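Per-entry structural report
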Amino acid sequence: MQKISVLLFLAWVCFLFYAGIALFTSGFLLTRLELTNHSSCQEPPGPGSLPWGSQGKPGACWMASRFSRLVLVLIDALRFDFAQPQPSHSPGEPPVSLPFLGKLNCLQRILEIQPHHARLYQSKADPPTTTMQRLKALTTGSLPTFIDAGSNFASHAIVEDNLIKQLASAGRRVVFMGDDTWKDLFPGAFSQAFFFPSFNVRDLHTVDNGILEHLYPTMDSGEWDMLIAHFLGVDHCGHKYGPHHPEMAKKLSQMDQVIQGLVERLENDTLLVVIGDHGMTMTGDHGGDSELEISAALFLYSPKALFPGAPPEEPEIVPQISLVPTLALLLGLPIPFGNIGEVMAELFSEVEDSQSHSSALAQASALHLNAQQVSRFLHTYSAAAQDLQVKELHRLQTLFNKASADYQRLLQRPQGPEAALQTVITELQQFLRGVRAMCIQSWARFSLGRMAGGAALMAAACFLCLLVSQWATSPGFCFRPLLTLMACGLAGTIVCAGLLTTTGLKLDPVVLGAMAAAGSLLPFLWKAWAGWGSRRPLVALLPIPGPVLLFLLIRFAAFFSDSFVVAEARATPFLLGSLILLLIAQLHWEGKLLPPKLLTIPRLCFSASTGPPRHNGTHALGLGVGLLLCIRLAGLFHRCPEETPACHSSPWLSPLASMVGGRAKNLWYGACVGALVALLAAVRLWLRRYSNLKSPEPSVLFVRWGLPLMALGTAAYWALASGADEAPPRLRALVAGASVVLPRAVAGLAASGLMLLLWRPVTVLVKATTGAPRTRTVLTPFSGPPTSRADLDYVVPQIYRHMQEEFRGRLERTKSQGPLTVAACHLGSVYSAAMVTALTLLAFPLLLLHAERISLVFLLLFLQSFLLLHLLAAGIPITTPGPFTVPWQAVSAWALMATQTFYSMGHQPVFPAIHWHAAFVGFPEGHGSSTWLPALLVGANTFASHLLFADSGLCLGSLHPPQASHGLEGVCPQVHF
């Protein structure tokens, strides 16, 4: 019955945490309302006749079309400086030599030869800069919210009005080729499509070569009205090598040839648009809001004159969503209903008409149509949702009414003063830009109430666990009263929710779950405050030492500081080092660094060795210095956050395949394999030191032979991954096959080893002999778990009692031969050996998900864990009275080490720092329609340090003083039947 109560209590705690997390994320990861309304030619965006310039033209929709065809070339991650024309360097100055500069020569050549036919813009993308969100913005003209980034690799069909849907409704033929993300966003919308898998960021050529196979034949056939080609090679090259690798120069040169070939095939009624959906960081990643990530190139070209003047010296900066209303009006389509972008007015000038007044009037007409459409959207959206600022909305509506009235007066006098026309254009632009700014601010606001409520609920759950962990050590403690209080509170909450539902009030499921969690927790907190709190001071329930509590409070309070969050990667090692120094000083002040007295354990019928103690003050100080050195070395592996442009990330975080130069690559490969061998050797030496490799158990046999095979497979996979591009053509198929088999084999071996360890976790050596004289048993009667450190010497006999039961059958068979003697050697490491083995088995598949040079970080992780455990054990005497608890210093240091290693593995808590390549380790061809497996692999890569420290954290529960372990060394307790 007690076990059931404990399980129910743990389920309750899990429910509290999940409810708090759900409430917090519902306030942090906001979503906006997506309207399903659609624009149409039959419903103009506002009152009034057709715009100036469209009247009397047959087939005119909102505005007469200027182009009947469109070629949209989307080069994923085409950063602006990749396409920016390079000025000629002055004599005597060395030219800037970067692989990505000056490779799109055809753009610069067209801008110089045909300045009235082409323009280059700097397009600003709205974060998050992930592909799915950018495609959504480029077709709907809307803004993504933060929650949309989570859907980048599980895309769903766009329900909002968009350009593709408008083209299909108008009977236009849309042909697509490239990234298969479009297949999920626009199912059934294309008259012809050639989709290619896009998720494998290590594949630079499959998508691009597939497009080139169909691009020019499709274009020459003429059976299309809009042709979309989405190239991925530049983006994948950035992810795999970074923008400064020679492979980037090759990819950009290939794109230059593609653009040149398209320009040669264009007809006068066709518009060419070359655009990047986002940029990339210096390391080739994207997803955040840094300047390099949101800066993309936008190039427009038409065989006929498109612009009235020459291009400016510095390209104009335009929001990326401005392309949506611009293309819609240029193609004679309605602007998508939810668009909030501003038309690029320059494209609506009257090139043939030399009068500037006519061009200005045409621009005003396009802007007014755009403003009418945005005003209609605001009216519809504000009636359905309440997340827009009311005052700002009213101000913008007033501005639009004034600008619209001024525009209507100008239409009555087309030859009015040009100054009034420019005033109307300025007012319309102010309205459109004001709407965009308001939407950005409104849709990026967090619900502070929900976030605070979720954090408070999780804090209360932690407080519950802390109190119960203290009460559970009291004699006669029972979980049943806690569960009764929980049931009463939960029932009351359900009744209140039912009453609210009868009133017709709509309850958010997340809020309802949080109410249930809080209701189940309140009676317990009240009882704790009124009952237990009156008999025991609250301070007594918080056994955290003052300095450690101060460290925890500083860390907790610092999370409310933006500056600390940015600098957490540097602050965490500082806090960890300070805590270690504090621990060493505390051991010195308490006199625990002095040579301890030798320990004898008479209940086990043996004494400790009379030799000198292994641990003294100098040794403990050496452990602390070694731990600080490991922390410093781990800090050499770091990735700079976007907010610190002066910082330079460690070059050792990139894979070996991105290195240029065979000698350096070979040296680093040798260092990585050396770290792997050192890690394996350290584990085997530790197990051999405590004689855990002498047992014939299956798990021990796996450690002997399985771990070396896993290390060999890991090293072979690194060799293939770092040199796959350099393999001879006749061996590439073999290399590709081995790249699939080796990671799966290592993962399979690790899973097999863990299963064997769960089946037979005991790795001690057990001997049985017959004919020995009968003596008394060494087992002292004992029942129940250890409640104090003085009871720890009963734990090993209890394990031995279990072994005694296992040999009872053999005893019956050997009675005629005499008494049976059972000897179990090195029971002192019976727990830690299984934990270290499990940690090593888990480390190998996690190591495969990282870059090769992160193996050095894994080695430091094991060293830090070893040194910290020995340092903590040096200050824990076995005679300490009171409950057996893990010191708070150990828990705090362990948590800080997990966070520090998280940053040392090249992670940052931002989207661009996610290692997407981990999803393809062992699956280079992708995962098909499956999303759970790549999510599992990427999640394991991201939280590898926390997984490893959580597993090795079980060793904290088996902390014992070094004297005690010394006394258990070499001892084989015997029992006779």
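Residues numbered from 1 in each chain as written. Predicted model: local features only at pLDDT ≥ 70, side-chain atom pairs only at ≥ 80, totals over all residues. Heavy atoms only, no water.

What follows covers the overall build of the chain. Along its length, the chain carries 32 helices and 13 strands. Split into buried and exposed, the 977 residues of the chain put 51% on the buried side. Across the chain, every contact between residues at least 6 apart in sequence was considered, and the portion connecting residues at least 24 apart equals 78%. Element-wise, carbon and sulfur atoms account for 64% of the exposed surface of the chain, whose accessible area totals about 44000 Å². (Helix = DSSP H or I, 4+ residues; strand = E, 2+ residues; numbered from the N terminus. Buried < 20%, exposed > 50% of the residue type's maximum accessible area, 1.4 Å probe, protein only. Contact = heavy atoms within 4.5 Å. Areas by Shrake-Rupley, 256 points an atom, 1.4 Å probe, with all protein chains shown as cover.)

Looking now at the state of the cysteines. One pass over the full model with this rule turns up one disulfide. Covalent S-S linkage joins C41 and C61, the inter-sulfur distance amounting to 1.9 Å. Linking C41 and C61, the disulfide has an S-S dihedral of approximately -110° and is accordingly described as left-handed. Of this pair, C41 sits in the loop between α1 (2–28) and β1 (69–75) while C61 sits in the loop between α1 and β1; the two residues are 20 residues apart in sequence, bridging distant segments of the chain. Residue class for C61 comes out buried when judged on its relative accessible area of 5%. Here C14 stays unpaired: no disulfide links it, and the sulfur of C465, its closest cysteine neighbor, is 8.9 Å away. Take C14: its relative accessible area is 41%, and that puts it in the partly exposed class. (Disulfide = S-S within 2.5 Å.)

This part takes up the packing of helix α13 (residues 390–412) against helix α14 (residues 418–443). Here α13 crosses α14 at 155°, and the two axes come no closer than 9 Å. Here α13 is positioned roughly antiparallel relative to α14, judged by the angle of their axes. Crossing of α13 over α14 shows left-handed handedness. Here E392, L393, L396, L399, F400, K402, A403, D406, Y407 and L410 of α13 come into contact with α14, specifically with A420, L421, V424, E427, L428, Q430, F431, G434, V435 and M438. A class-by-class count of the residues in the contact of α13 with α14 yields 14 nonpolar, two polar and four charged. (Axes fitted to C-alpha atoms, helices over the stretch in contact; angles between N-to-C directions. Parallel < 35°, antiparallel > 145°, perpendicular 65-115°, else oblique. Left-handed = near helix turned anticlockwise from the far one by under 90°. Nonpolar A, V, L, I, M, F, W, Y, C, P; charged D, E, K, R; others polar.)

Evaluated as defined, the whole model comprises 15 aromatic pairs. With 5.5 Å between their ring centres and 35° between their planes, F176 and F195 make a pair best called tilted. Here F176 is found in strand β3 (residues 174–179), whereas its partner F195 is found in strand β4 (residues 192–196), with 19 residues between them in sequence. Of the residues examined, F176 reaches a relative accessible area of 0% and is grouped as buried. Here F195 falls in the partly exposed class, since its relative accessible area comes to 28%. Clustering of aromatic rings is evident, with ring pairs tying together F176, W182, F186, F190 and F195. The lysine or arginine in question, R69, covers the ring of W224, its NZ or CZ lying 4.7 Å from the ring centre. Here the guanidinium or amino end of R119 rests over the ring plane of F307, the centre of that ring lying 4.3 Å away. (Phe/Tyr/Trp six-rings, centres within 6.5 Å; stacked < 30°, edge-to-face > 60°. Lys NZ or Arg CZ within 6 Å of the ring centre and 35° of its normal.)

Right, let's get into a nonpolar patch on the surface. The grouping of F556, F559, F560 and V565 at the surface amounts to a nonpolar patch, some 440 Å² of accessible area in total. Note that F560 resides in the loop between α18 (546–558) and α19 (562–566). The class for F560 is exposed, based on a relative accessible area of 67%. (Patch = residues over 30% accessible without salt bridge, like charges linked within 9 Å, V, L, I, M, F, W, Y side chains within 5 Å. Salt bridge = Lys/Arg side-chain N within 4 Å of Asp/Glu carboxyl O.)

In this section: the pairing of strand β5 (residues 226–231). Most of β5 sits out of view: six of its six residues are buried. Residues M226, I228 and H230 point to one face of β5 and L227, A229 and F231 to the other, with burial holding for every one of them. Relative to β5, β1 is paired through six bridges, and the arrangement is parallel. Its bridge partner being in β5, I75 is matched across the sheet by F231. (Pairing = 2+ DSSP bridges.)

This part takes up the sheet that holds β3. Spatially, eight strands are ordered β4-β3-β5-β1-β6-β7-β2-β8 in an open sheet, and the strand pairing comes out mixed. The sheet is open, and its two borders are formed by β4 and β8 (317–319), each paired with just one other strand. Looking at each pair of strands side by side, their axes are set apart by 20° on average, direction ignored. Note: β3 against β4, five bridges, orientation parallel. Looking at the pairing, M177 lines up with F194 of β4.

Now for the confidence of the model for the chain. A residue-level look at the chain finds 78% of positions with pLDDT of 70 or above and a mean pLDDT of 79. The model gives residues 148–154 a pLDDT under 50, and that stretch makes 17 contacts with residues more than four places away or in other chains. When the criterion is pLDDT under 50, residues 772–794 qualifies, and its contacts beyond four places in sequence or with other chains add up to 47 contacts. (pLDDT = per-residue confidence, 0-100.)

This part takes up the nonpolar core. In a soluble, globular protein the nonpolar side chains are often hidden away together inside. Ranked by size, the top nonpolar core spans 81 residues in total, and within it W182, I228, V273, L298, L329, L378 and F431 carry the most contacts. Counting residues per element, this core draws most heavily on helix α12 (residues 356–384), at 11 residues. Look past the residues within four positions of L298 in its chain and what remains in contact with it is R119, L120, Y121, S123, V273, V274, I275, V318, L323 and M344. Among the nonpolar cores identified, the runner-up in size contains 78 residues, and Y690, A711, L839 and A890 belong to it. (Core = buried A, V, L, I, M, F, W, Y, C linked by side-chain atoms within 4.5 Å.)

Take the side chain of H907 next. The topology assignment puts H907 in the loop between α29 (888–904) and α30 (932–942). Reaching out from H907, the side chain makes a polar contact with the backbone oxygen of N941 at a distance of 3.0 Å. Residues contacting H907, with those up to four places away along its chain left out, are H850, F902, A913, H915, N941 and T942. (Polar contact = N/O pair within 3.5 Å; in protein donor to acceptor, adjacent residues only side chain to side chain.)

Turning our eyes to something else, we now look at the pairing of strand β6 (residues 270–275). Counting buried positions along β6 yields six of six residues, so the element is predominantly enclosed. Burial of the side chains of β6 extends over both faces: T270, L272 and V274 are buried on one face and L271, V273 and I275 on the other. Of the pairings in the sheet, the one linking β6 to strand β7 (residues 295–301) comprises four bridges and is antiparallel in character. Paired with V274 across the bridge in β7 is F299.

To continue, consider the pattern of salt bridges. Taken as a whole and judged by the stated rule, the model has 15 salt bridges. Between R265 and D220 there is a salt bridge, with the nearest N and O atoms lying 3.5 Å from each other. Of this pair, R265 sits in helix α9 (residues 246–265) while D220 sits in helix α7 (residues 206–221), and the two are 45 residues apart along the sequence. R265 sits in the partly exposed class, given a relative accessible area of 33%. The salt bridge partner of D406 is R409, with a shortest N-O separation of 2.0 Å. Placement of both D406 and R409 in helix α13 is noted, with a separation of three residues, approximately one turn of the helix.

Here the focus is helix α11 (residues 323–330). Along an α-helix, a turn takes 3.6 residues, which lines up residues three or four apart on a common side. Across the eight residues that make up α11, a large majority, eight, are buried. Trailing α11 by a residue or two, G332 shows a phi angle of about 75°, which is positive.

Let us look at the side chain of Q864. Examined against the element boundaries, Q864 turns out to sit in helix α28 (residues 855–873). The exposure class of Q864 is buried, given its relative accessible area of 1%. Not counting residues up to four positions away in its chain, the partners in contact with Q864 are L576, L627, C630, I631, A634, M897 and Q900.

For L457, the position within the fold is in helix α15 (residues 448–471). Relative accessible area serves as the criterion here: at 8%, L457 is assigned to the buried category. Taking the C-alpha atoms as reference points, L457 and Y18, separated by 439 residues in sequence, lie 9.7 Å from one another. Beyond its immediate stretch of four places on either side in the chain, L457 contacts L16, A19, G20, A514, A517, A518 and L521.

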